[in-house]
Amino acid sequence: MKPPTLLPSLPPAPGPAKDPAPSAPADFASLRRRLEEERGRGRWRSLEELAAAPEFEAALPPEFAEGADSPAPIDRREAFRMLGVSFALAGLTACTRQPEEKIVPYVRTPEDVVPGGTPLFFATSMTVGGYATGLLVESHQGRPTKAEGNALHPASLGAADVFGQASLYGLYDPDRSQTLTYLEEIRPWPAFLGAMRTAVEAQKPSRGAGLRILTETVTSPTLAAQIQALLAGLPEAKWVQWEPLSRDAVRHGARLAFGEPVDVVPNLSRAAVILSLGSDFLGHAPGHLRMARDFAARRRELASIEGSKGGGVRLYVVETAPTITGANADHRLAVRPSEVERLARSLMAALGGTGGGSPSTGNAFLSAVASDLAAHRGSSLILVGDEQPPAVHALGHAINAALGNFAQTVTAIDPVEARPADQLAELRTLVEEMEAGRVDTLLILGGNPVYDAPADFRFAERLAKVRLRVHLSLYADETSTLCQWHVPRAHFLESWSDARAFDGTASIVQPLIAPLYDGRTEHEVLGALTDRPERSSYEVVRDFWRTRLGPDFEGAWRRALHDGLVADTAFPARNVPRPEAPPAAEEARAGGETGLEALFRGDPNLYDGRFANNGWLHELPRPITKLSWDNAALFSIATAGRLGLKKEDVVRIAFRGASIRAAVWIEPGVPDETVLLHLGNGRRKSGRFGTGLGFDAYPLRFSDALWSAPGVEVRKEGDTWPLACTQLHQNMVGRDLARAADVEEFRRDPDFAHRDELEKEPSAADSLYRPYPSDTYAWGLSIDLNACIGCNACVLACQAENNIPVVGKDQVRRGREMHWLRVDHYYGGNPENPEHFFQPVPCMHCEDAPCELVCPVGATVHSAEGLNDMIYNRCVGTRYCSNNCPYKVRRFNFYHYSLQFRAPSMKMLPNPDVTVRWRGVMEKCTYCVQRIQGAKIAADIENRRVRDGEITTACAQTCPTQAIVFGDLADADSRLSRRRREPRSYALLSELGTRPRTSYLAGLRNPSPKLPRPVRAGWSELEPEKETGQR
Amino acid sequence: MTAPAASVPAEEARLYGIVAEFETPGGLVAAARRVREEGYRRVDAFSPFPIHELTEALGIRSTRLPWIVFVGGVLGAATALFMMWFSATIHYPINVGGRPLASWPAFIPITFELTVLFASLAAVFGMLALNGLPMPYHPIFNAPRFAMASRDRFFICVEAKDAMFDRERTARLLDSLGASIVSEVEG
Amino acid sequence: MTDSSRELPRTSSPGDPDRDIIGPGYTFASITDKISQITLSRRTPRFWFVGFALAFLLTMVLFGAIGWLFLKGIGIWGVNIPIGWGFAIVNFVWWIGIGHAGTLISAILLLLHQEWRTSINRFAEAMTLFAVACAGLFPLLHLGRPWLAYYLLPYPNTMALWPQWRSPLVWDVFAVSTYGTVSLLFWYVGLIPDLATLRDRARRKGFQIVYGMLAMGWRGSARHWHRYETAYLLLAGLATPLVISVHTVVSFDFTIGIVPGWHSTIFPPYFVAGAIYSGFAMVLTLAIPLRAVYGLEDFITIRHLQNMAKILLATGLIVAYGYLMETFIGWYSGNPFDWYMVKNRLLGPYGPTYWLLIACNLLSPQALWWKRVRSSPWRLFLIALLVNTGMWLERFVIVVTSLHRDFLPSSWGMYVPTIWDWATFIGTLGLFAALFFLFIRFLPMISIFEMRTLIPEADVETPAETRSRREATP
């Protein structure tokens, strides 16, 4: 797809994004005007424009080609419409003379843009749950194609998580709502402005008594200021915030402990002993990327000199739901939710604090933790999960204080949220007022309360009692359908805004592209209520900071845009009163036998459901279950056995009269007598992916049992629901694949990774063939299993960088997922509370590659630099190479999957530096050869060799823990070569003599000497379990 | 009994030879021997299946076919080996799985196959060429009842071109050998 | 035929079913007429129409499946990432194997002077051709981009690209195409004299012309016969190593791979044995009904069936040895991957297919130790069918169970054939049958001129009485 031809249907966002000069806004506006009038015209001038017609959108085939499950089955009419459209297009393409496609040149070429040349990078920020993470987004001629972490941003440090990586797919998602509607009818923006004016005027007399604004958690200073200003005018109006994955407990806990809302920021770089009470600080928590980085850094010390000098870190995890944090623990204790508080209290007691807990010496785990913590005063750290009750948070603070960790491993700062509040209570009042008919106008800015508000709030039916309902959202979702006004929201990559990171750093959200559709930001919608509705969000944000960036505003502003953050806005540490452990509430201690207990957690991929239509996130295998496309009700082996449940059985889970259907998956590590449900699936109204996939657990979620529902009933429905799991066997069957050892073991025998005789790598002398001489680079990759936390970011980074298609549930079930890089996950130890091993597997780029030998047409051959190259246009698709690949890293286009990139908006997604593969072609990891070539060209221009670290593969770049290192083996002191020399370095299946270029560093565990060392062995017990009903 | 001898001398020129039909292979072989003993050389026999005795009876020289086949085989082997060696080392040398460019063991199967292929083609087409087939028309087909030669009858033909050929004597000779029918065939 | 070939026992009336290779009382004329009238007679038997119609229907199914395949892509099949090869390759190997009997019978048995081959070699060769044709389809169909199949051939191109000679698939291309060509030549050369016969016996003008052209003016000249037989012998000599090589090369497709269950040195011999095994099974499957419906019991006698049954038994035992060794070495090698593969093959999710294969290929032929079984056509027919099934299963086990669990448990998977897999397979059965029906209708299914040589009268030297004495002592 040649970028220029895109321009008519899509003007780039050069002005403000690239050129923050004062004249920018005017230019920006003019661009947008041009865009508008172009859309206004009736004739189409290009296939793109024709394609943009709504009826075509409707008739679009499902995102990905064949086999993709289209949630709405195609009926006859649909089929005919499709036929019609396809014929029409066929006719067009069949013309001997292609219809002309006019190209609109830049009116004023933005600076730095080299058409067809090197891409530009712009800093922006993405917020999830209100907290900002810095991104650096790659843009080709005004077309964002790839998101990376922003190295300058404290919450990113150059890494991006799966949400950040997948944000581009969200941007180009063809199912995003595209038009402003009133009662399903398309309306122009001015009509909306008018409606809002009248609404506000109507509120004036009652001083806004009937006006409510419902937002997600807001950390954006600008937005907060806007709302405050509005409320100042209408004092009776109310602003309510609601996040389904609420952090109320955190705020409560802080109030309990310190008497005022305080955010406590952990600093893992100083922590030697970490106890997580249900906190998934490696997966989803404000600043989790930062914490992962620090954690990995401490872990690395285990393998180095510091390690022997008592450096390194030991992680204890007490958790209810299996998370990657628990998977990376040195000791993990799976407990039922009700037991966490008791544990915390007895720990408090064991540490000599007060808190009404009994030291409960019986518990070996607890005593080990206690003594370890006691031994590391000031260098220990207690982290408490959002899902834990306030008391546990308070206890956590108390223990941290008791251990003197404040100002060491934890810092108290002012709350990052613009208005910390008890969101649940506020929402409750709101619905009560709605019930009472006291709410006249409700502005819902983002969020999807109809779908995700607690069941007992009966939000949907109460919403109907509101006279004027406005909803701003990316998709026409469950809430939109119940609101008269639906305003399509501008994606954050199309928006001007700001937000704060976990440490308070103010981060700028700057657009990479003009809104693809008629999208609006919260700022603009709020502006509609003020008397200056014409102000663009750019102006709003700029104006807010104008007064706050010191004398040289333009300079500072330009800098802020460049860095993606406003310098030195991180909140300073503040003094807090010494927290006391809260008195034990009655029911807490009573938390004993409650029968089967349901756990609610955010989905690792879909979060609270906001990403429910993101194909990349849907297909991404969840870190531990390796389930893609659906969520499932997760049971422990024992519980499933007791209930006589098999995988894919459908059960009905009932709680307080509400009930849902869900498919069963058996997941070791889930505490017995609990069922784990991930929220955010089973959307009733989303897009082609979101709708109808998975199971919606929100109906079981009550305001007084947000995170766990004690006493649910589980009944077998009789039928089954197919689940798509990408890894049926999470058991090494005794093969030494993902190698790991305890620190002591490692100290005793640093060479442990090579102990097994079979593993002795055949030397070059053993080979009949003389190695090919290499006088140039020798690329290689090293993956540190000690650092890998299995977060999947690399998988999505690879997918985004290399134009890897989404194939759909059915194809995944058939074993045809296309991910070039997969993260294998294996269990060890005892099935009740297993050990976890993550192992990212890209192409090994073997020196003696089995795949190359058997290709009949030489479509995969070796480059002088040791790359195992795939020549797509030579490949005839015998699949012999894949059969002969011991690592099974090759992926095949069984259908014309890449058709999905022909959808009008998806056309802009692919990375122009990477081929889009055709049907019937084999593909695989290339070590991001396009990046290698780019760097080599740059180096050649300067007439030098490529420097170490100059090239990073997509996976390495985004890895939060820097587990992946790419480099040149020919350069003896490259980071890679140094890693290769470490004793822990080993090659996967080296005994086959493939001589892989990709190598691994064996993992290390740091168990407490006080606790029995976990056994590490492949299971056979699970085999039958893992076998059932797949593919 | 003799076939009616042609009376018009002009016809002599168009005479191909004299054909005798026999009931049994034995008869044919015996006849062939006698005819050859008499000194006839341009003699051929026709039978519904191969009769090896005829080879020496008619003094048929052993064929050159095996040599042709041999050459074909050698040619095939050479072609294959050269093609693979040239393409893998000179024309398109590239590192495949770290194997040597000239991986001769991998070249063996194709070399073998092409040897057999070329040799077989040589055998078949050599045979056809030497036999002068395809030949849609041949005078012998004019012989009465010659269609039986592909069923259950055995024929011997002395060609008019033979030095010793004489319409009367040759016909009488064949007749005396117990042929069921002796007839002249026009060329 | 060579001289010595005529030294073999031949009977006159009364017939001895165990030694007869041709019924009593036949003359050159009667043989010729009996065989040629099958093709020349004006009225076609009803069963032929029924059979051909059915076969044609299935052929259409095949074309339908192929059309859909080309339209949608290889994804309509059950193949996936651990199991990159499914039915396509299974069927390919199966058909190629079947294609071995024909050339084997006509070449090897010819060199070994097994005269009884005479009455079965013609249609065995035809069977070979059609089987190879069916087999040849699959390597093309299973490509992701079949329209680029010519990339496998060494042809001059501007990109200066060549096939990758180290790949067994390229060897396959040469082996199979050579095998197809040589078999065709062999078959056609054998047909020439019979075509001449048909030319001379045909009453209808059209037939006369067509057969006449095909016969190329063959006139049975002694000189021609001489060269003809030399050529035929040479071809036989060439075809013999060829027939061995083909399935050896096919087995390389697996042995060159490093997949546990493929990477085994025993494959070539045991593949060749398996090929002959399945080939003879197929010959029996065809011969037994044929002799019944066309009343050819005098040409394809009990002795033929018995001999083939013996070969079936012999090759079956070799194959059994192959299975045994595979399993034994899996354990003996001490290679954990191989040993797991063996256990998985026997007890894994595909275990049943393995045991079924054992039942078909190992147990069922043991019945052939008994002469009663060997000399009862319908029993033989049943066993032949079982063996055909068994050999197909063997290929399935080799291809699928080896691939579905190789080195990394993380990428293990399962293979479930789709309706299109089945349609394609059944379709080729139809194609095969259709071609065969056409063959028996329009060409002599038994070599007429060679049958003539089996008649006592064909003997020139030895007088009748001495001959009858020799028969007493075979």
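The model shown is predicted, which means the values in this text are computed figures rather than measured ones.

**So, the overall build of chain A**
Move 1: Assigned secondary structure in chain A consists of 35 helices and 39 strands.
Move 2: Taken over 1031 residues, chain A has a buried fraction of 65%.
Move 3: Working note: accessible area of chain A is about 34700 Å², and carbon and sulfur atoms make up 55% of it.

**Re the sheet that holds strand β15 (residues 468-473) of chain A**
As a general point, the strands of a sheet are linked pairwise by backbone hydrogen bonds and lie either parallel or antiparallel.
All names here are of chain A.
Move 1: The sheet built from seven strands is open, its strands ordered β5-β4-β16-β15-β14-β6-β7 with mixed pairing. Both edges of this open sheet fall to β5 (185-186) and β7 (238-241), since each of them pairs with a single strand only.
Move 2: Note that strand β4 (residues 181-182) and strand β16 (residues 485-488) share two bridges and pair antiparallel. Looking at β16, one finds that Thr181 is bridged to His486.
Move 3: Taken strand by strand, helix α8 (residues 189-203) contacts β6 (211-215), β14 (441-445), β15 and β16, and its axis lies near 125° from that of β16.
Move 4: Sitting on the sheet, helix α9 (residues 221-233) is in contact with β6 and β7, with an inclination near 145° to β7.

**Comments concerning the nonpolar core**
Move 1: Counting residues in hydrophobic clusters, the biggest one holds 423 residues, and the most contacted among them are Phe459 and Ile653 of chain A together with Phe123 of chain C.
Move 2: Counting residues per element, this core draws most heavily on helix α6 (residues 168-201) of chain C, which supplies 17 residues.
Move 3: What Phe459 of chain A contacts, discounting residues up to four positions off in sequence, is Leu214, Leu427, Leu430, Val431, Met434, Leu442, Pro449, Val450 and Ala453 of chain A.
Move 4: Among the nonpolar cores identified, the runner-up in size contains 30 residues, and Leu180, Met196, Ile213 and Ala237 of chain A belong to it.

**A few points about the interface of chain C and chain B**
Move 1: Taken together, the contacts link 61 residues of chain C with 68 residues of chain B.
Move 2: Carbon and sulfur atoms make up 70% of the area that chain C and chain B hide from each other, which totals about 5600 Å².
Move 3: Sorting the residues of chain C by area buried against chain B places Trp165, Arg166 and Arg219 of chain C first, and these three jointly supply 15% of that buried surface.
Move 4: Where chain C meets chain B, there are two salt bridges.
Move 5: Between Arg223 of chain C and Asp44 of chain B there is a salt bridge, with its nearest N and O atoms 3.7 Å apart.
Move 6: Here chain C is connected to chain B by 23 residue pairs in polar contact (both at pLDDT 80 or more).
Move 7: If you list the elements that add at least two residues to the side of chain C that touches chain B, you get α1 (28-40), α6, α8 (222-255) and α16 (448-453) of chain C.

**Examining the pairing of strand β31 (residues 835-841) of chain A**
All names here are of chain A.
Move 1: Along β31, seven of the seven residues are buried, which leaves the element largely enclosed by surrounding structure.
Move 2: With seven bridges connecting them, strand β30 (residues 822-828) and β31 associate as antiparallel partners. Paired with Arg822 across the bridge in β31 is Val841.
Move 3: Taking the residues that link successive antiparallel strands as the turn, the β30-β31 hairpin has six residues, and the phi of Gly829 there is positive, at about 70°.

**Some points on unusual backbone geometry**
Move 1: Look at the link from Leu133 of chain B to Pro134 of chain B: it is a cis peptide, with omega at -5°.
Move 2: In this fold, Pro134 of chain B is placed in the loop between α4 (104-130) and β3 (154-159).
Move 3: The backbone of His845 of chain A shows a phi angle near 45°, a positive value even though the residue is not glycine.
Move 4: The topology assignment puts His845 of chain A in the loop between β31 and α30 (850-854).
Move 5: Residue His845 of chain A is classed as buried on the basis of its relative accessible area of 0%.
Move 6: Backbone geometry at Arg879 of chain A places phi at a positive 65°, although glycine is not the residue there.

**Things to note about helix α7 (residues 162-172) of chain A**
Residues and elements named next belong to chain A.
Move 1: Along α7, 11 of the 11 residues are buried, which leaves the element largely enclosed by surrounding structure.
Move 2: Within α7, the full set of buried residues consists of Val162, Phe163, Gly164, Gln165, Ala166, Ser167, Leu168, Tyr169, Gly170, Leu171 and Tyr172.
Move 3: Buried positions along α7 lie against β1 (120-128), β2 (131-140), β3 (143-149), α25 (615-619), α28 (793-801) and α33 (954-958).

**Quick word on the interface of chain A and chain C**
Move 1: Contacts between the two partners involve 57 residues from chain A, matched on the other side by 58 residues from chain C.
Move 2: Summing both partners gives a buried area of about 4700 Å² for chain A against chain C, and 57% of it is carried by carbon and sulfur.
Move 3: Of all residues in chain A, Arg735, Arg874 and Arg919 of chain A give up the largest surface area on contact with chain C, accounting jointly for 16% of the area buried on that side.
Move 4: Counting every contact that joins chain A to chain C gives one salt bridge.
Move 5: A salt bridge links Asp406 of chain C to Lys888 of chain A; the nearest nitrogen and oxygen atoms lie 2.7 Å apart.
Move 6: Here chain A is connected to chain C by 36 residue pairs in polar contact (both at pLDDT 80 or more).
Move 7: At the level of elements, β30, α30, α31 (880-883) and β34 (891-892) of chain A are the ones that each hand at least two residues to the side of chain A that touches chain C.
Move 8: Tallied by class, the residues present in the side of chain A that touches chain C amount to 27 nonpolar, 14 polar and 16 charged.

**Concerning the sheet that holds strand β24 (residues 674-678) of chain A**
Residue and element names in this part refer to chain A.
Move 1: In spatial order, the strands read β25-β19-β24-β21-β23-β22-β26; together these seven strands make up an open sheet with mixed pairing. Two strands bound the open sheet, and with one partner strand each, they are β25 (708-710) and β26 (713-720). Sheet twist, expressed as the average angle between the axes of neighbouring strands with direction ignored, equals 30°.
Move 2: One ladder, built from two bridges, connects strand β21 (residues 633-635) with β24; its direction is antiparallel. Paired with Leu634 across the two strands is Leu676, which belongs to β24.

**Quick look at the packing of aromatic side chains**
Move 1: Inspection of the entire model under this criterion finds 88 aromatic pairs over all chains.
Move 2: Centre to centre, the rings of Trp918 of chain A and Trp147 of chain C are 6.0 Å apart; their planes meet at 85°, and the pair counts as edge-to-face. With one member in each of two chains, Trp918 of chain A in the loop between β34 and β35 (922-923) and Trp147 of chain C in the loop between α5 (118-141) and α6 form a pair that bridges those chains.
Move 3: A relative accessible area of 37% places Trp918 of chain A in the partly exposed class.
Move 4: Trp147 of chain C gets classed as partly exposed once you look at its relative accessible area, which sits at 40%.
Move 5: The aromatic ring of Tyr340 of chain C is capped on one face by Arg735 of chain A, whose charged end is 5.2 Å from the ring centroid.
Move 6: The ring of Phe442 of chain C carries the charged tip of Arg441 of chain C above its face, separated from the ring centre by 5.5 Å.

**A short note on the environment of Ser119 of chain C**
All names here are of chain C.
Move 1: With respect to the helices and strands, the residue Ser119 is situated in helix α5.
Move 2: The buried category is assigned to Ser119, whose relative accessible area is 1%.
Move 3: The spacing of Ser119 and Trp370 is 251 residues in sequence and 24 Å in space, taken between C-alpha atoms.
Move 4: Within the structure, the side chain of Ser119 is placed 3.0 Å from the backbone oxygen of Phe299, a separation counted as a polar contact.

**Focus: the confidence of the model for chain A**
Move 1: Across chain A, the average pLDDT comes to 85, with 84% of residues at 70 or higher.
Move 2: Here residues 1-27 of chain A is a poorly scored stretch, pLDDT under 50, and it has 65 contacts once near neighbours within four places are set aside; other chains count.

**Some remarks on the side chain of Arg332 of chain A**
Residues and elements named next belong to chain A.
Move 1: With respect to the helices, strands and loops of the structure, Arg332 is situated in strand β11 (residues 331-334).
Move 2: There is a polar contact of 2.5 Å between the side chain of Arg332 and the side chain of Glu319.
Move 3: Not counting residues within four places of it along the chain, the set of residues in contact with Arg332 comprises Val317, Glu319, Ala321, Pro322, Gly326, Phe365, Gly669 and Asn833.

Parameters at a glance
- Residues numbered from 1 in each chain as written.
- Chains lettered and ligands numbered in written order.
- Predicted model: local features only at pLDDT ≥ 70, side-chain atom pairs only at ≥ 80, totals over all residues.
- Heavy atoms only, no water.
- Helix = DSSP H or I, 4+ residues; strand = E, 2+ residues; numbered from the N terminus.
- Buried < 20%, exposed > 50% of the residue type's maximum accessible area, 1.4 Å probe, protein only.
- Areas by Shrake-Rupley, 256 points an atom, 1.4 Å probe, with all protein chains shown as cover.
- Pairing = 2+ DSSP bridges.
- Contact = heavy atoms within 4.5 Å.
- Axes fitted to C-alpha atoms, helices over the stretch in contact; angles between N-to-C directions.
- Core = buried A, V, L, I, M, F, W, Y, C linked by side-chain atoms within 4.5 Å.
- Buried area = accessible area lost by both parts, 1.4 Å probe.
- Salt bridge = Lys/Arg side-chain N within 4 Å of Asp/Glu carboxyl O.
- Polar contact = N/O pair within 3.5 Å; in protein donor to acceptor, adjacent residues only side chain to side chain.
- Nonpolar A, V, L, I, M, F, W, Y, C, P; charged D, E, K, R; others polar.
- Phe/Tyr/Trp six-rings, centres within 6.5 Å; stacked < 30°, edge-to-face > 60°.
- Lys NZ or Arg CZ within 6 Å of the ring centre and 35° of its normal.
- pLDDT = per-residue confidence, 0-100.

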